[in-house]
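Examining the three-dimensional arrangement
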Amino acid sequence: MIILPAIDLHDGSCVRLMQGDYATAEKVAESPVKAASYFESEGAHWLHMVDLDGAKFGRPVNDQSVFDVLRQVHMKVELGGGIRDMKTVEYYLEKGVSRIILGSVALKDPAFVREAVKKYGKRIAVGIDAKGGKVAAEGWLQVSNVDYLDLAREMEQIGVRYIIFTDISKDGTMNGPNLDMLDRINREVSCNIIASGGVSNLKDILDLNALQLYGAICGKSIYSGSLSLKAAVRASQLISGSRKQNPEMIEDTIDRYFQKSELIPAVVQEAGTGDVLMLAYMNRQSLRKTLETGYTWFFSRSRQELWNKGATSGHVQKVVSITADCDDDTLLVKVVQTGPACHTGAHSCFFKQIWKNG
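As the structure is a prediction and not an experimental result, all values here were calculated from the model. Chains are numbered independently. Their residues run from 1 in the order of the written sequence. Only residues with pLDDT of at least 70 are given local features in this predicted model, and only at 80 or more are side-chain atom pairs given and counted; all residues enter the totals for whole chains, interfaces and linings. No hydrogens and no water enter the side-chain calculation; it runs on all heavy atoms of the structure.

Time to look at the pairing of strand 4 (residues 46–51). For every residue, the accessible area (1.4 Å probe, protein chains only) is compared with the maximum for its type, and the residue is labelled buried under 20%, exposed over 50%, or partly exposed between those bounds. Numbered from the N terminus, helices here are DSSP runs of H or I no shorter than four residues, and strands are runs of E no shorter than two. In terms of residue burial, strand 4 counts as a mostly covered element, since six of its six residues are buried. Covered by surrounding structure in strand 4 are W46, H48 and V50 together with L47, M49 and D51, the residues of both alternating faces. Any two strands with at least two DSSP-identified bridges between them are counted as paired. In this sheet, strand 4 lies alongside strand 1 (residues 2–10) in parallel orientation, the contact comprising four bridges. Its bridge partner being in strand 4, D8 is matched across the sheet by V50.

Shown next as structure tokens:
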């Protein structure tokens, strides 16, 4: 499950609201950029941003604050608030926003959502905010008669792949997410569900992981200190790594490690003995195939092509775990090695001793 720390923008400041009430706006960080930089240092790779004023007025208001964040961090940003037409969608996507959240317009103009999805695919998400099970719109200032599950089913038919679901009664309260409603929407549609509202501590993160949701948005709990973002990210990575991930999660995992280069070194270690067997390189395609198949694939820099370890010799490597280093630019791949790892017939490629102390 992906953890998305939240930045809500009001008058250029980073604030939190209680149940969508603008009168409760409380500044929670010195600046959006400093908040985002801290989130990145804690290990988060996605950032959830909302232009609260944009949601209220139906147009971009705090867009420059969004762009300031994009210039200063390497995180992916999903953004909602005041995005009601294709021109605004294109405006943000062209400036570097990774995913657009359509909210009120999904209720009032589903044809526009269909057009946006047709053009931009998975870069379009829909926010469904519910009060008493009914969909709210216009910055939560209006509540409709539409059931949240009915809207979710309609969005699924349109082709929407991501839904951010918020139970307004839980937002900003830190009383725990509405697990029942989240479980129902996750079972009802095939879309990737991102939970929003109510998260207060690590137990809530574990509860959301147990529902096998795609993601969880955390705001007030991080700012107040009741939830360690680093612990939430780490716990979710460990849990997600222990079970089969859906294709979107695999893509998010892959994107994380190729921010600096198209190739990343992979140190291969024998799980049983701890012996370092070899060093190879992975690109996006080889890492994807490794995650999908459970056996190592690499990229040959000399031949400029993918290769599957042991495909010819039978000396395959079954992956036990993959771990990234602190900078997300080197992988440690623990494997069960069949036969020798080196093409020379040696158990390990590292057998030419150069120097030994003593």
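Take unusual backbone geometry next. At D11, a position not held by glycine, the phi torsion is positive, near 55°. Tracing the backbone shows D11 in the loop between strand 1 and strand 2 (13–18). Here the phi dihedral of Q212 falls at roughly 60°; this positive angle occurs in a residue that is not glycine. Among the residues examined, Q212 registers a relative accessible area of 54% and is labelled exposed.

All right, on to the pairing of strand 11 (residues 192–196) then. Burial analysis of strand 11 places five of its five residues in the buried class, the great majority of the element. With burial as the criterion, each face of strand 11 is covered, one bearing N192, I194 and S196 and the other bearing I193 and A195. Direction of pairing for strand 10 (residues 162–167) relative to strand 11: parallel, over a ladder of five bridges. Following the sheet pairing, F165 is matched in strand 11 by A195.

Before going further, it helps to spend a moment on a nonpolar patch on the surface. Surface patches are defined over residues having more than 30% relative accessible area and no salt bridge, joining like charges when they lie within 9 Å and nonpolar side chains (Val, Leu, Ile, Met, Phe, Trp, Tyr) when within 5 Å. With residues, only the protein chains shown are counted as cover, and all accessible areas are computed by Shrake-Rupley using a 1.4 Å probe. In the sections that follow, a salt bridge refers to a side-chain nitrogen of Lys or Arg positioned within 4 Å of a carboxyl oxygen of Asp or Glu. Taken together, the side chains of V276, L279 and F350 define a hydrophobic patch exposed on the protein surface, amounting to about 290 Å² of accessible area. Inspection of the secondary structure puts V276 in strand 14 (residues 276–282). Given a relative accessible area of 37%, V276 falls into the partly exposed group.

Taken together, four strands build an open sheet; the order of strands is 14-13-18-17 and the sheet is mixed. Of all strands in the sheet, those with a lone pairing partner are strand 14 and strand 17 (317–324), marking the two edges. Neighbour to neighbour, the strand axes of the sheet diverge by 25° on average, direction disregarded. As paired strands, strand 17 and strand 18 (residues 331–337) are joined by seven bridges and run antiparallel to one another. By the bridge assignment, I322 is partnered in strand 18 with V333. For every element, the axis is a line fit to its C-alpha atoms; helices are fit only across the contacting stretch, and the angle between N-to-C directions ranges from 0 to 180 degrees.

Everything listed here is a matter of geometry and, on its own, says nothing about what the molecule does.
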